[in-house]
Amino acid sequence: MKCNLCPRKCNALRSEYAGSGFCSMGTLPVVARVAPHYGEEPCISGKRGSGTVFFSGCTMRCLYCQNYEISLTGKGVTLTPEKLADCYKRLEQSGVHNINLVTADHFVEAVVKSFEIYRPKLPVVYNCSGYTSPVTLQKLEGLVDIYLPDFKYADDALSVSLSQAPNYVNTATAAIQEMIFQVGTPQLDEDGIMRKGVIVRHLILPAHTRNSIAVLNHLKRNFGRQVLVSLMCQYVPCGRAKEHPKLNRVITRREYDKVKRVLFDLDLDGFTQDLSSATEEFIPDWDLG
């Protein structure tokens, strides 16, 4: 196939097992982990965990990526849509609250086929970078219940320098608008577990509080109460971050409090983390290949 699934529109040739596009992946999904995960937002992980499927490869190149072992190296096992559907069944049987697809944009056509084979009886979470084509998201309409995108940057120059992602702001804004159109405003059940809706995540980077504050203002201006906002302080230097002095540390209490005050002042509904989250202990083991 000639691929234009992501905003880069590479028009790259991709076979089942190889590709010449930015993600360097074939069309068959490469999966690095299938397991319950307890580190998501409380309304996603709950008490029984979120049934995560971590896909390898990515349409971004974040210098600080905590999942760089799979986003950059392609580590994992290649699965057919049939095998992917079997993963959903196993996760359901384990008792998780939902099926959570992590970084699947570049495999979306195989994901759609997997749902044609088996539609999970649990809510489906689509967990992505925000650098996602609305046209690609339209392929998932009616298949996804909860969208969990990042909104990393309010500055396109910063998105290029740190993630090689041009036109990030408009792209992520349009993607989230499509997500809201598909699933509506947040809905939680009587136990506080999310059934439908959008949670937008933002990871605070060290020495970049101005960007974080601009992101929060952008989210308020464009989405207001249509989404929940998850403000994350779990940053630890990973990938190539140690080559960059500003990124080679965790954020400080002062930085976090500064951004958190803006979240509260804007009256954005959602979640915050404890600073103790800034540890590599929360990075999963990639146990599939």
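To be clear, the structure that these remarks concern was listed above.
Quantities reported herein were computed from a predicted structural model and do not represent experimental measurements. Residues take numbers from 1 onward in each chain, read along the sequence in its written order. pLDDT decides what is reported in this predicted model: residues at 70 or higher carry local features, side-chain atom pairs at 80 or more are listed and counted, and totals for whole chains, interfaces and linings draw on all residues regardless. Remark: hydrogens and water are excluded; side-chain values derive from all non-hydrogen atoms of the structure.

Student: What is the right way to look at the pattern of salt bridges in this model?
Tutor: Side chains bearing opposite charge may pair, as long as their charged atoms lie close to each other. Put simply, a salt bridge is a Lys or Arg side-chain nitrogen that is within 4 Å of an Asp or Glu carboxyl oxygen. Under the defined criterion, the tally for this structure stands at 13 salt bridges. Among the ionic pairs, Arg119 bridges to Asp145, the shortest N-O distance being 3.8 Å. You can see Arg119 sitting in the loop between helix H4 (108–117) and strand S7 (124–128) and its partner Asp145 sitting in the loop between helix H5 (134–138) and strand S8 (146–149), a full 26 residues away along the chain. Judged by relative accessible area, Arg119 falls into the partly exposed class, the value being 31%. A single network of salt bridges, built from pairs that share partners, joins Glu40, Glu41 and Arg201. Helix and strand assignments follow DSSP, with helices taken as H or I runs no shorter than four residues and strands as E runs no shorter than two, numbered in order from the N terminus. Note on exposure labels: buried denotes an accessible area under 20% of the residue type's maximum, exposed denotes more than 50%, and partly exposed covers the range between, all computed with a 1.4 Å probe on protein chains only.

Student: Would you take a moment to explain the packing of aromatic side chains for this structure?
Tutor: In this description, a pair of aromatic rings is defined by centroid distance and the angle of the planes. In this scheme Phe, Tyr and Trp rings, the latter by its six-membered ring, pair at centre separations within 6.5 Å, and the angle between planes marks the pair as stacked below 30 degrees, edge-to-face above 60, and tilted otherwise. Per the counting criterion, the structure on display carries seven aromatic pairs. Between Phe151 and Tyr168, the ring centres sit 5.8 Å apart and the planes meet at 80 degrees, which makes this aromatic pair edge-to-face. On the criterion of sequence distance, the pair formed by Phe151 in the loop between S8 and helix H6 (156–163) and Tyr168 in helix H7 (residues 168–183) is long-range, its members being 17 residues apart. Each member of the pair, Phe151 as well as Tyr168, is classed as buried. Taken together, Tyr131, Phe151, Tyr153 and Tyr168 form an aromatic cluster joined through their ring pairs. The rule is short: NZ of Lys or CZ of Arg within 6 Å of the ring centre and within 35 degrees of the ring normal puts a charge over the ring. Sitting over the ring of Phe22, Arg61 keeps its end group 4.3 Å from the ring centre. In this structure, Arg119 is placed above the aromatic ring of Phe115, and the distance from its NZ or CZ to the ring centre is 5.8 Å.

Student: Which parts of the structure should I look at to understand the pairing of S8?
Tutor: If a strand is regular, its side chains alternate between the two faces of the sheet. Neither face of S8 is exposed, since Ile146 and Leu148 on one face and Tyr147 and Pro149 on the opposite face are all buried. Strands were regarded as paired on the criterion that DSSP finds at least two bridges between them. As defined by bridge partners, S7 adjoins S8 across four bridges and the pair is classed as parallel. Directly across from Asn127, in S8, lies its bridge partner Leu148. As paired strands, S8 and strand S10 (residues 194–203) are joined by two bridges and run parallel to one another. Among the inter-strand pairings, Ile146 is bridged to a residue of S10, identified as Gly197.

Student: Teacher, can you tell me more about the side chain of Ser114 here?
Tutor: Topologically, Ser114 is positioned in helix H4. For this analysis, residues touch if any pair of their heavy atoms sits within 4.5 Å. When sequence neighbours within four positions are dropped, the list of residues in contact with Ser114 reads Pro81, Leu84, Ala85 and Tyr88.

Student: What exactly am I supposed to notice about the environment of Leu266 here?
Tutor: You can see Leu266 is positioned in the loop between helix H9 (253–265) and strand S12 (270–272). Through-space distance from the C-alpha of Leu266 to that of Arg221 is 9.7 Å; in sequence the pair is 45 residues apart. Not counting the four nearest positions on each side in its chain, Leu266 is found in contact with Leu216, Asn217 and Lys220.

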